[in-house]
Amino acid sequence: QNGLFASFMPKPLPDEHGSALSISISLKKGGENIFDTTNGMSFEGKCFISGILSKMREITAFLNSTTNSYKRFGIGFAPKYVNWSSENCAQLIRVPKPVGISPRIEIRSADACCNPYITFKLILAAGIEGIQSQDCSLFDSAMHSGSDCSVLQPLPSTLDEAASIAKDSDFVKNTLSPEIRSNIFAQLDKQIHDYSLANDKDKFEEESYFKFV
């Protein structure tokens, strides 16, 4: 009616913040929230976060499933590195202080182009694997690295890179069925191929995503 259109395309405007899909997770053990930081994060909470950090590069293609998704990383409050923080809103995982709210963690890299069922399955499986391994080393190392990006792994910078990492991932292979993997990888490969052939890549993304997300 007013000549405007609402889109959740990850990065529709080059000079503005993009659109994200922040995912909040709360998890209890024996009635106690494992992410409660009132008396320090629990061992299980640290392991859950470590599990997600360890698998994030392998599952990014599913959380960020368009070529346009990767233009958002590192801009504004969008994450660029595999890290966590309790204060910095630009980190991959944020652990907000539970003041007046239930303790939780936020995964901040996904966008509205993802399949939420597959995204949630992969994130939960990664966190649970972290608990089962009883390894919280990535939680501790990321905390100690602070903002020193030289010691942090970056998120994939393109859909092509993310898809390649996902295809080589034993975790993805063991978590998703062959039918789901085959279908999704075929879709990703088509996007990558069509994007590579497009003379005007910004126009390609606008026509492919802007009115459909």
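One can find the structure itself at the top, above this paragraph.
Analysis parameters
- Residues numbered from 1 in each chain as written.
- Predicted model: local features only at pLDDT ≥ 70, side-chain atom pairs only at ≥ 80, totals over all residues.
- Heavy atoms only, no water.
- Helix = DSSP H or I, 4+ residues; strand = E, 2+ residues; numbered from the N terminus.
- Buried < 20%, exposed > 50% of the residue type's maximum accessible area, 1.4 Å probe, protein only.
- Pairing = 2+ DSSP bridges.
- Contact = heavy atoms within 4.5 Å.
- Axes fitted to C-alpha atoms, helices over the stretch in contact; angles between N-to-C directions.
- Arc of directions from axis to C-beta.
- Expected span 1.5 Å × (residues − 1).
- Bend = angle between axes of the 7 residues up to and from the residue.
- Salt bridge = Lys/Arg side-chain N within 4 Å of Asp/Glu carboxyl O.
- Phe/Tyr/Trp six-rings, centres within 6.5 Å; stacked < 30°, edge-to-face > 60°.
- Lys NZ or Arg CZ within 6 Å of the ring centre and 35° of its normal.

1. Side note on the environment of Lys 173
Reasoning step 1: With respect to the helices and strands, the residue Lys 173 is situated in helix α5 (residues 170–175).
Reasoning step 2: With relative accessibility at 43%, the residue Lys 173 sits in the partly exposed group.

2. Topic: the sheet that holds strand β1 (residues 23–25)
Reasoning step 1: Strand order across the open sheet formed by four strands is β1-β6-β5-β4, with mixed pairing between neighbours. In this open sheet, the two edge strands, each paired with only one partner strand, are β1 and β4 (84–85).
Reasoning step 2: Across two bridges, strand β5 (residues 93–94) lies against strand β6 (residues 105–107) in antiparallel orientation. Across the sheet, the residue bridging to Ile 93 is Ile 107, located in β6.
Reasoning step 3: Contacts between helix α1 (residues 43–63) and the sheet are confined to β1, β4, β5 and β6, with β6 contributing the most and set at about 25° to the helix.
Reasoning step 4: Sheet strands touched by helix α2 (residues 116–133): β1 and β6. Its angle to β1, the strand with the most contacts, is close to 45°.

3. A look at helix α4 (residues 159–167)
Reasoning step 1: Every buried residue of α4 is accounted for by Leu 159, Ala 162, Ala 163, Ile 165 and Ala 166. Around the axis of α4, the buried residues are gathered within 160° of arc, so they sit on the same side.

4. A few points about α1
Reasoning step 1: With 21 residues, α1 extends just 26 Å between its outermost C-alpha atoms, more than 12% less than the 30 Å of an ideal straight helix rising 1.5 Å per residue.
Reasoning step 2: Most pronounced at Met 56, the bend in α1 amounts to some 70°.
Reasoning step 3: Of all 21 residues in α1, 17 are buried; the element is thus mostly enclosed.

5. A word on the pattern of salt bridges
Reasoning step 1: Here the structure, examined in full by the defined rule, presents nine salt bridges.
Reasoning step 2: Note that Glu 129 is salt-bridged to Lys 55, the shortest N-O span being 2.8 Å. One end of the pair, Glu 129, is in helix α2; the other, Lys 55, is in helix α1, and 74 residues separate them in sequence.
Reasoning step 3: Accessibility expressed as a relative area gives 34% for Glu 129, which makes it partly exposed.
Reasoning step 4: Residue class for Lys 55 comes out buried when judged on its relative accessible area of 14%.
Reasoning step 5: A salt bridge links Asp 189 to Lys 167; the shortest N-O distance between them is 2.7 Å. On the criterion of sequence distance, the pair formed by Asp 189 in helix α6 (residues 178–197) and Lys 167 in helix α4 is long-range, its members being 22 residues apart.
Reasoning step 6: Residues joined in a network through salt bridges with shared partners are Lys 71, Asp 202 and Glu 205.

6. Re the packing of aromatic side chains
Reasoning step 1: Scanning the entire structure with this criterion turns up six aromatic pairs.
Reasoning step 2: Centre to centre, the rings of Phe 62 and Phe 185 are 5.9 Å apart; their planes meet at 50°, and the pair counts as tilted. Taken as a pair, Phe 62 in helix α1 and Phe 185 in helix α6 lie far apart in primary sequence, 123 residues in all. No difference in accessibility class separates Phe 62 from Phe 185, as the two residues are buried.
Reasoning step 3: When the ring of Trp 84 is compared with that of Phe 139, the centres are 4.3 Å apart and the planes differ by 15°; the resulting orientation is stacked. Separated by 55 residues along the polypeptide, Trp 84 in strand β4 and Phe 139 in helix α3 (residues 137–145) bring together distant segments of the chain.
Reasoning step 4: Accessibility expressed as a relative area gives 11% for Trp 84, which makes it buried.
Reasoning step 5: In this structure Phe 139 comes out as buried when scored by relative accessible area, which is 3%.
Reasoning step 6: Over the aromatic face of Tyr 195 sits the side chain of Lys 201, whose NZ or CZ is 5.4 Å from the ring centroid.

Fair warning: the whole summary comes from geometry, so function is off the table for now.
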